[in-house]
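The chain contents come next:
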Amino acid sequence: MLPNPTVSIITPAEMSAIDSEAAHSGIDSFRLMTSAGLAVSAAALRLYPQALRFVVLCGPGNNGGDGYIAAAALQRSGAKVAVHALGDTVSLKGDAARAHAQWVYRVEALQSYRPKTGDVVIDAVFGAGLSRAVPGDAALVMQAVTQAQIPVIAIDLPSGLDGRTGQVLGESFRASHTVTFMARKPGHLLLPGRSLCGSLDVFDIGIPERLLKSHTSRLCENGPHLWAGHTHALDPSAHKFTRGHLAVFSGGPLSTGAARLSAAAALTAGAGLVTIASISAALAANAAHLTAVMLKEIDDAAALSHWLADKRISAFVLGPGFGDLERARQYALMLCNRALVLDADGITAFKENPAPLFDAFSQGEPHLVMTPHDGEFARLFPDIDAGPTLSKVDRVILAAKRSHAVIVYKGADTVIAAPDGRAAINTNAPPWLATAGSGDTLAGIIGAHLAQGMPAFEAAASGVWRHGRAGVKAGEGLTAEELAAAIEPLPVAG
């Protein structure tokens, strides 16, 4: 098994190119298939030693070939095995035909399978490369297996899932365990695919690392490897100004809570100073609830312009509970030379015409981070959002390139992308983070990282990760106030 299989993510198209190059370089492709099938059989015996029967469902391609190898290995181990195939096995070609020849017993039609108590299904029907709707016969079998609650071990990816997008193509198996090879695919991590894969093993079947590196994109699972070289910016020995001064803009007197949630999270996340910028009408409401967070009266653009002369303010958060869309547009454009987290109303303010925002932040290294949820993303990037063939990762990368900003597309499968094409899928967020104020807390964490000097992509990725960790620590039933208190330190690079 690979030493760290959760870092790299390889798309089905990339994996196909890797397989082809491996074969052209002289690597025996049937040996790779044999390694894959044996890995599946070993997992089946390890996970389900009590199984009364292993039922291997084989498709017409190489995923089916893996299944025939697994079936033969299980039969040799003494297990009871049945094989059902989709389509005519006479038409099998190449390695799949060689694998089928190793199974010398009867093969039944896929649609003839009837689940029985004690069965364990090995799904070798389609794998990760499927991009069309599941045919009717296969869909009926999937439904029967799910209804009977038969355990399923999926080879590569539960059949019926699109390995690139994680979407269900009409119907799919719900696996209790998935065995994939060399690296995860996007469909393992993007929803709903992630919820249909069960536990996941990633096996190294012998493809050289140089081939993997030559074909993989800049997509990975979010984790500390992404910002390991930048955590020195969080060195606690620094004084408060070198640890960063973050400004958070408050809404009106009845909408101040969101900004305070962001500010509290920023302090816990390591910002040396945090100031809430408030209109005069909301000063009393904010002052009544602030202690370590400072307060500054900013009523209009003139006051903001004067305040911006203080270069010690190193980053800003604009949008949580802000309310005034016209003023949000004005302020955001005034901050085009500063590090900025734009969230909520700050994003919505540009829904009619985002071009001025994108143009304003187009110079230099990316220093704008936008944190939209589904609706906000659709309002800001309606054409990208409507792309019927685009995955969530595709959409976020296109949006980041267009806006010259780091995009944090929030959700249970949050995707972070930079204008240069780097992207990460976050997987550590518990479902109970879906609560009022959670996004405000995230904006504050990211703002703190920007204030401390982290580049925008690393600040966003690490902020999303810390947010998820805090949610796990705070536990089910958390409130946004409790979330800030649960933020853990980032390890400082040596």
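Residues numbered from 1 in each chain as written. Predicted model: local features only at pLDDT ≥ 70, side-chain atom pairs only at ≥ 80, totals over all residues. Heavy atoms only, no water.

Here we look at the packing of helix H2 (residues 29-47) against helix H4 (residues 94-102)
- Contact geometry for H2 and H4: axes closest at 10 Å, N-to-C directions at 50 degrees. As the angle between them shows, H2 and H4 are arranged oblique. For the pair H2 and H4, the sense of crossing is right-handed. Every residue of H4 that contacts H2 at Ser29, Phe30 and Met33 is listed here: Asp95, Ala96, Arg98, Ala99 and Gln102. (Axes fitted to C-alpha atoms, helices over the stretch in contact; angles between N-to-C directions. Helix = DSSP H or I, 4+ residues; strand = E, 2+ residues; numbered from the N terminus. Parallel < 35°, antiparallel > 145°, perpendicular 65-115°, else oblique. Left-handed = near helix turned anticlockwise from the far one by under 90°. Contact = heavy atoms within 4.5 Å.)

As for the side chain of His177
- Mapped onto the elements, His177 comes out in strand E6 (residues 177-181).
- You can call His177 buried: its relative accessible area is 3%.
- One polar contact links His177 to Ser199, side chain to side chain, over a distance of 2.5 Å.
- Setting aside its immediate chain neighbours within four residues, His177 contacts Arg46, Leu47, Val152, Ile153, Ala154, Cys197, Gly198, Ser199, Leu200 and Asp201. (Buried < 20%, exposed > 50% of the residue type's maximum accessible area, 1.4 Å probe, protein only. Polar contact = N/O pair within 3.5 Å; in protein donor to acceptor, adjacent residues only side chain to side chain.)

A short note on the sheet that holds strand E7 (residues 199-203)
- If you trace the seven strands from one edge of the open sheet to the other, you get E3-E2-E1-E4-E5-E6-E7, paired in parallel fashion. Each of the sheet's edge strands pairs with one partner strand only, and the pair in question is strand E3 (107-109) and E7. Strand-to-strand, the axes of this sheet are offset by a mean angle of 25 degrees, without reference to chain direction.
- Here three bridges tie strand E4 (residues 119-124) to strand E5 (residues 152-155), and the two strands are oriented parallel to one another. If you follow Ile122 over to E5, its bridge partner there is Ile153.
- The strands touched by H2 within the sheet are strand E1 (53-58), E4, E5, E6 and E7, with E6 carrying the most contacts at an inclination of about 155 degrees. (Pairing = 2+ DSSP bridges.)

Here's the deal with the pattern of salt bridges
- Under the criterion given, the structure shown has 17 salt bridges.
- One connected set of salt bridges, linked through shared partners, spans Arg218, Asp420, Arg422 and Glu458. (Salt bridge = Lys/Arg side-chain N within 4 Å of Asp/Glu carboxyl O.)

Section: the pairing of strand E12 (residues 313-318)
- Counting buried positions along E12 yields five of six residues, so the element is predominantly enclosed.
- As paired strands, E12 and strand E13 (residues 339-342) are joined by four bridges and run parallel to one another. Paired with Phe316 across the strands is Leu340, a residue of E13.
- For the handedness criterion, the β-α-β arrangement of E12, helix H12 (residues 325-334) and E13 is classed as right-handed. (Right-handed = clockwise from strand over helix to strand, strands pointing away.)

Topic: unusual backbone geometry
- Omega for the bond connecting Leu191 with Pro192 falls within 30 degrees of zero, at 5 degrees, which places this linkage in the cis form.
- Relative to the helices and strands, Pro192 is located in the loop between helix H6 (186-189) and helix H7 (193-196).
- At Gln149, a residue that is not glycine, the phi angle is positive and equals roughly 55 degrees.
- Along the chain, Gln149 turns up in the loop between helix H5 (136-148) and E5.
- Positive phi, close to 75 degrees, is recorded for Asp156, a residue that is not glycine.
- Along the polypeptide, Asp156 turns up in the loop between E5 and E6.
- The class of Asp156 is buried, set by a relative accessible area of 14%.

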